[in-house]
Amino acid sequence: MLVSVFLYFSQLTFASSNQQAIRVRLFKDLETFPKISNSEVKQLSPQLWSVKGKSLAFQNKFLPEQNLILKKENEKFDIISVVEFNQYLAGVVANEMPLKWPLEALKAQAVVARSYALAKMRERKNKVFHLDANQMDQVFSLTNSKKAIQAVAETGNTVIKNINGEVLMAFYHADCGGETVLASNVWSGATDTGTAKDPWCLKRKSNQWSFQVSKDEFLIRLSEQTDKIFSTQKLRQLFGFTNIKSKPLEISYDQDKVTLKGQGFGHGVGLCQWGTYEQVKRGVSYAQVLKHYYPLANVSQNEILLTQILNSDFVSN
């Protein structure tokens, strides 16, 4: 299977462009072989099929013209799409930030999306796919938005780099609640690039949240975990990211219930989208926004060609 995947992808280039195709997993663990209407399906191996065509769609989601269907060891199927890199970035911008927001905000989003993607692709260059098209990486779907495409184009090859000159896996979130947090406080081993005060989100009353759960359920869920160190992100995962929206600022309990309260939405690392919106409305440039949220990093041009990241032998997932 891996030989077939390598041979197939090694031929996927854009003859008239310097851009390289990247591999984005759109669907994971489908129980049955996905039937995509109006497509040309060719079996490449017992575990791999190519799917090509125009105006393709599956489960109400438009697909690029080139795709793979991969049957995995668990007997389930993934759909992996082949997407030109800037097309991918525009799709992320359109899904991760409201398109009605100012172009300068979308440009900041384009840079962090580019940086995250390149860092993740470097990490996963020997895998069958580079990025998931959901919150596990970045939310992506095809877009025709001229504004999203413009944001990507006008930021060129601009990326965020850490102090070692490597493209940063630039995390971002919706609302920091008043101050961002260190990446290493959320994910063990993550690269820290400083924190930032955010008076714009601090003043937003609409971002305050409260969540209640029975004391019995709270203690049972905690007792089922084996980790001695219990992070905020783990707590959010256990009780739901939309219930515990950010780091709890207050935890109280009575005889029956546990109440958690906080402000903001998301893990709190890196670029704050609502803070970005408020800053660009005041005339701050996207580069200044990025410097604010990644104070120990550098905003510069990416000198490494995408092909240098992608060209590698495949190994198993």
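Above this note sits the structure.
A brief structural summary. (Residues numbered from 1 in each chain as written. Predicted model: local features only at pLDDT ≥ 70, side-chain atom pairs only at ≥ 80, totals over all residues. Heavy atoms only, no water.)

1. Points about the overall build of the chain
- In terms of helices and strands, the chain carries ten helices and 15 strands.
- Sequence separation of 24 or more characterises 69% of the internal contacts of the chain that already satisfy a separation of 6 or more.
- When the accessible surface of the chain is totalled, it reaches about 16400 Å², and 49% of it is carbon and sulfur. (Helix = DSSP H or I, 4+ residues; strand = E, 2+ residues; numbered from the N terminus. Contact = heavy atoms within 4.5 Å. Areas by Shrake-Rupley, 256 points an atom, 1.4 Å probe, with all protein chains shown as cover.)

2. Observations regarding the pairing of strand β9 (residues 158-161)
- Along β9, one buried face is formed by T158 and I160 and the opposite face, lined by V159 and K161, is buried too.
- Where β9 lies against strand β15 (residues 298-301), four bridges are found, and the strand directions are antiparallel. Counted as the bridge partner of V159 is S300 from β15. (Buried < 20%, exposed > 50% of the residue type's maximum accessible area, 1.4 Å probe, protein only. Pairing = 2+ DSSP bridges.)

3. Points about the packing of helix α2 (residues 85-96) against helix α4 (residues 146-154)
- α4 packs onto α2 with a crossing angle of 120° between their chain directions and a minimal axis gap of 8 Å. In terms of axis orientation, α2 runs oblique to α4. The two elements α2 and α4 meet at a crossing, and its hand is right-handed. Here α2 contributes N86, L89, A90, V93 and A94 to the contact with α4, which in turn contributes A148, I149 and V152. (Axes fitted to C-alpha atoms, helices over the stretch in contact; angles between N-to-C directions. Parallel < 35°, antiparallel > 145°, perpendicular 65-115°, else oblique. Left-handed = near helix turned anticlockwise from the far one by under 90°.)

4. Some thoughts on unusual backbone geometry
- Within the chain, D29 stands out as a residue other than glycine whose phi angle is a positive 60°.
- Among the secondary structure elements, D29 is positioned in strand β1 (residues 21-30).
- On the basis of relative accessible area, D29 is assigned to the partly exposed category, the value being 27%.
- Phi at E75 is positive, roughly 70°, even though this residue is not glycine.
- Here E75 shows up in the loop between β6 (66-71) and β7 (77-84).

5. What about the environment of N134?
- As for its position among the elements, N134 is in the loop between β8 (131-132) and α4.
- Overall, N134 belongs to the partly exposed group, its relative accessible area being 33%.
- Sequence separation between N134 and L26 is 108 residues, and the spatial gap between their C-alpha atoms is 7.8 Å.
- Of the polar contacts made by the side chain of N134, one reaches the backbone nitrogen of M136; its length is 2.9 Å. (Polar contact = N/O pair within 3.5 Å; in protein donor to acceptor, adjacent residues only side chain to side chain.)

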